[in-house]
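Fold and contact review
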Amino acid sequence: MAAKRAATRQHDGPRSGQTRPSEAVPEPPAPAARARRSGPVKPLNLALQGGGAHGAFTWGVLDRLLEDGRTRFDGVSGTSAGAFNAVALAAGLLEDGPEGARAKLEALWRAAADAARFSPLRGGGSGQVAFDVMTRVVSPYQFNPLDLNPLRALLEDAVDFAALRRSSPVGLFIAATEVSSGKARVFETREISVDAVLASACLPQLHHAVKVGRHHYWDGGFSANPAILPVIEACETGDTLIVQLNPDRDSELPTRAGEISARMMRLTFNLPFRREVETIERCRQVANEGLAFGGRLRRRIKRHRFHLIDAVRYTRDLEEHSRLSPEWELLCHLRDCGRRAAESWLKKHHGSLGRRSTVDLAKKFLD
């Protein structure tokens, strides 16, 4: 696949709250440069969860992995913000290798912050509350009849989708949800387009459904967040790193209206991933019991090794509205958190790549 053919291209703050417009926020200092470490370069798949502006944590994870230089990416699955990061990573690698990918990720997140400067969702407060109430009674087909979406121009300006379809250096797997059936639709490398990415990030209370081909799509988080099985099936690499943005559990009972709504959305977007983990564990259990275990995908599942970087310790105290408020100061804070988490993971687990899993998916997500 394209990821194997082009792998050689890769050889070489504060919490959310009231802030000033992004251009007025003092530029956070760039993370301290680190020399690339010596050692074997190991292949790795990525599975990038959606989470709105919290996807800047994933930006930081990718930035540190690219800077470290001891991994090359084979397949990259992404949903919503994960899809945004996936295409930025692929486009940057195609243009100028790892440094190009780091630059592309920063440019796209900066542009997203600039585009959101005048959003009513920015910074919470009364504007956000009023907009939230409005979207409960007025649809985006009414308050945005022309279907204006600043992310479309942003992506079209920054990403050469035709070039990605021809020669992406990584395999891409972008998940969206078919509106008519609720089924997951995974757009692979040769199908990648700006519409596929916008479909993956289409929250139906904010945007028109995105038409790709003959079907309309909503956010991929409703059906695959992210899709893992297609990566296992299509990619030769036997290790997948999951970047988790959404808490998988919360012991505190929600009692306020906003808390209940946020918990409902979190449960909705976590369910597809939990079901995929259940499928993986069922396949492994059948194999361990010595029962018939046929099929290429099942054999790959049995052998596959999983790894995890979890953002929850960094995001659990952020206000729920911060997901929809990509203020530059918050994005830089989350980027730096992602870099720290990736640095810790590299120190502890890089040596396990190709040898063993470093997370027990069943214990983490099903117990």
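Shown above is the structure to which this text applies.
A few points on the structure. (Residues numbered from 1 in each chain as written. Predicted model: local features only at pLDDT ≥ 70, side-chain atom pairs only at ≥ 80, totals over all residues. Heavy atoms only, no water.)

So, the nonpolar core
- The biggest cluster of nonpolar side chains holds 69 residues, and the ones touching the most others in it are L46, F57, F73, V76, L89 and L155.
- Here this core gets 16 residues from one element, more than from any other, and that element is helix α3 (residues 81–115).
- When residues no more than four places from it in sequence are discounted, the contact partners of L89 are L46, L62, L66, F73, V76, A101 and L105.
- Counting 15 residues, the second largest nonpolar core, distinct from the first, contains A47, I228, I232 and I242. (Core = buried A, V, L, I, M, F, W, Y, C linked by side-chain atoms within 4.5 Å. Buried < 20%, exposed > 50% of the residue type's maximum accessible area, 1.4 Å probe, protein only. Helix = DSSP H or I, 4+ residues; strand = E, 2+ residues; numbered from the N terminus. Contact = heavy atoms within 4.5 Å.)

Concerning the packing of helix α2 (residues 56–68) against helix α13 (residues 328–349)
- Their axes nearest at 6 Å, the elements α2 and α13 cross at an angle of 45 degrees. Here α2 is positioned oblique relative to α13, judged by the angle of their axes. The interaxial crossing formed by α2 with α13 has right-handed handedness. Contacts between α2 and α13 involve A56, F57, W59, G60, V61, D63, R64, L65, E67 and D68 on the former and, on the latter, W328, L331, L334, R335, C337, G338, R339, A341, A342, E343, W345 and L346.
- Looking at side-chain class alone, the contact of α2 with α13 contains 13 nonpolar, two polar and seven charged residues. (Axes fitted to C-alpha atoms, helices over the stretch in contact; angles between N-to-C directions. Parallel < 35°, antiparallel > 145°, perpendicular 65-115°, else oblique. Left-handed = near helix turned anticlockwise from the far one by under 90°. Nonpolar A, V, L, I, M, F, W, Y, C, P; charged D, E, K, R; others polar.)

Some thoughts on the environment of A115
- Tracing the chain through its elements places A115 in helix α3.
- Placed 211 residues apart in sequence, A115 and P326 show a C-alpha to C-alpha distance of 9.0 Å.

Some remarks on a positive patch on the surface
- Where like charges cluster on the molecular surface, the positive patch consists of R296, R299, K302 and R303.
- Looking at the secondary structure, you find K302 in helix α11 (residues 296–303). (Patch = residues over 30% accessible without salt bridge, like charges linked within 9 Å, V, L, I, M, F, W, Y side chains within 5 Å. Areas by Shrake-Rupley, 256 points an atom, 1.4 Å probe, with all protein chains shown as cover. Salt bridge = Lys/Arg side-chain N within 4 Å of Asp/Glu carboxyl O. Lys, Arg positive; Asp, Glu negative; His and termini not counted. Charge placed at Lys NZ, Arg CZ, Asp CG, Glu CD.)

Don't take any of this as a statement about function, it's just geometry.
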